[in-house]
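Here's the letter readout for the chains.
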Amino acid sequence: METIEAQPDPRDAASGLDAVADAQRAVRSRPWPLWLYPSNALLLGALALAGIIDSSMIAALVVVALGGTFSALNYWAGRRMGTPFAIPASRAFRSLVAVSAVFVILSLFTREAGLEWATVPCAAGATLSYGLGSVVHYRSTRR
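All of the points below concern the structure found in this document. (Residues numbered from 1 in each chain as written. Predicted model: local features only at pLDDT ≥ 70, side-chain atom pairs only at ≥ 80, totals over all residues. Heavy atoms only, no water.)

### Quick look at the pattern of salt bridges
Under the defined criterion, the tally for this structure stands at 1 salt bridge. Here Asp 54 makes a salt bridge to Arg 111, at a shortest N to O gap of 3.6 Å. One end of the pair, Asp 54, is in the loop between α2 (36–49) and α3 (56–81); the other, Arg 111, is in the loop between α4 (91–109) and α5 (119–141), with 57 residues separating them in the sequence. (Salt bridge = Lys/Arg side-chain N within 4 Å of Asp/Glu carboxyl O. Helix = DSSP H or I, 4+ residues; strand = E, 2+ residues; numbered from the N terminus.)

### Focus: the packing of α2 against α4
Viewed as axis vectors pointing N to C, α2 and α4 meet at an angle of 25°, and their least axial separation amounts to 8 Å. Classified by the angle between their axes, α2 and α4 sit roughly parallel to one another. Within the contact between the two elements, α2 uses Leu 44, Leu 47 and Ala 48 and α4 uses Ser 100, Val 104, Ser 107 and Leu 108. Classifying every residue of the contact of α2 with α4 by side-chain character gives 5 nonpolar, 2 polar and no charged. (Axes fitted to C-alpha atoms, helices over the stretch in contact; angles between N-to-C directions. Parallel < 35°, antiparallel > 145°, perpendicular 65-115°, else oblique. Contact = heavy atoms within 4.5 Å. Nonpolar A, V, L, I, M, F, W, Y, C, P; charged D, E, K, R; others polar.)

### Considerations on α5
The terminal C-alpha atoms of α5, which comprises 23 residues, lie 33 Å apart, in line with the 33 Å expected from a rise of 1.5 Å per residue. Restricting attention to buried positions, one finds in α5 the residues Thr 119, Cys 122, Ala 123, Gly 125, Ala 126, Ser 129, Tyr 130, Gly 133, Ser 134, His 137 and Thr 141. Taken together, the buried residues of α5 touch α2 and α4. (Expected span 1.5 Å × (residues − 1). Buried < 20%, exposed > 50% of the residue type's maximum accessible area, 1.4 Å probe, protein only.)

### With respect to the nonpolar core
Within the largest apolar cluster, 16 residues are counted, with the highest numbers of intra-cluster contacts made by Trp 32, Val 104 and Tyr 130. When residues of this core are assigned to their parent elements, the largest contribution, 7 residues, is made by α2. Beyond its immediate chain neighbours, meaning those up to four positions away, Tyr 130 contacts Trp 32, Tyr 37, Asn 40, Ala 41, Leu 44, Phe 93, Val 97 and Ser 100. (Core = buried A, V, L, I, M, F, W, Y, C linked by side-chain atoms within 4.5 Å.)

### Some remarks on the side chain of Thr 83
The topology assignment puts Thr 83 in the loop between α3 and α4. Residue class for Thr 83 comes out buried when judged on its relative accessible area of 10%. Once residues within four sequence positions are removed from consideration, Thr 83 is found in contact with Val 27, Arg 30 and Gly 78.

### Concerning a nonpolar patch on the surface
On the surface, a nonpolar cluster with roughly 230 Å² of combined accessible area is contributed by Leu 49, Ile 52 and Val 120. Taking relative accessible area as the criterion, Val 120 reaches 48% and is therefore assigned partly exposed. (Patch = residues over 30% accessible without salt bridge, like charges linked within 9 Å, V, L, I, M, F, W, Y side chains within 5 Å. Areas by Shrake-Rupley, 256 points an atom, 1.4 Å probe, with all protein chains shown as cover.)

In structure tokens form, the structure reads like this:
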């Protein structure tokens, strides 16, 4: 497509890019529904407790069901907000979610390591770290 205008002014280009960055930040900083925080924390805790189940087949089905529920719930809530794939801008929230994910992953390997007793503390750690992240996210988006 041919341009009939002259070269864009660098200031105009910079301001356009700043406007895009501001719009992206606004989308990533949208507040979530209040019910989503405890729902996610409880689903992560339940997912971490799946390592307690004796049968590996049933445990795998529980992990798939809980993971699917977690994903579907967040996608549905995101669609209702108009931002189904937006990752929050809060670094503290993202860091605490990563800690929560590490707890969940560790809890699923406790049986193989012979540390069944560590499953419940890992589940508690996953729930608490996500809960703390939820508080951070809630406070950062509702100023």
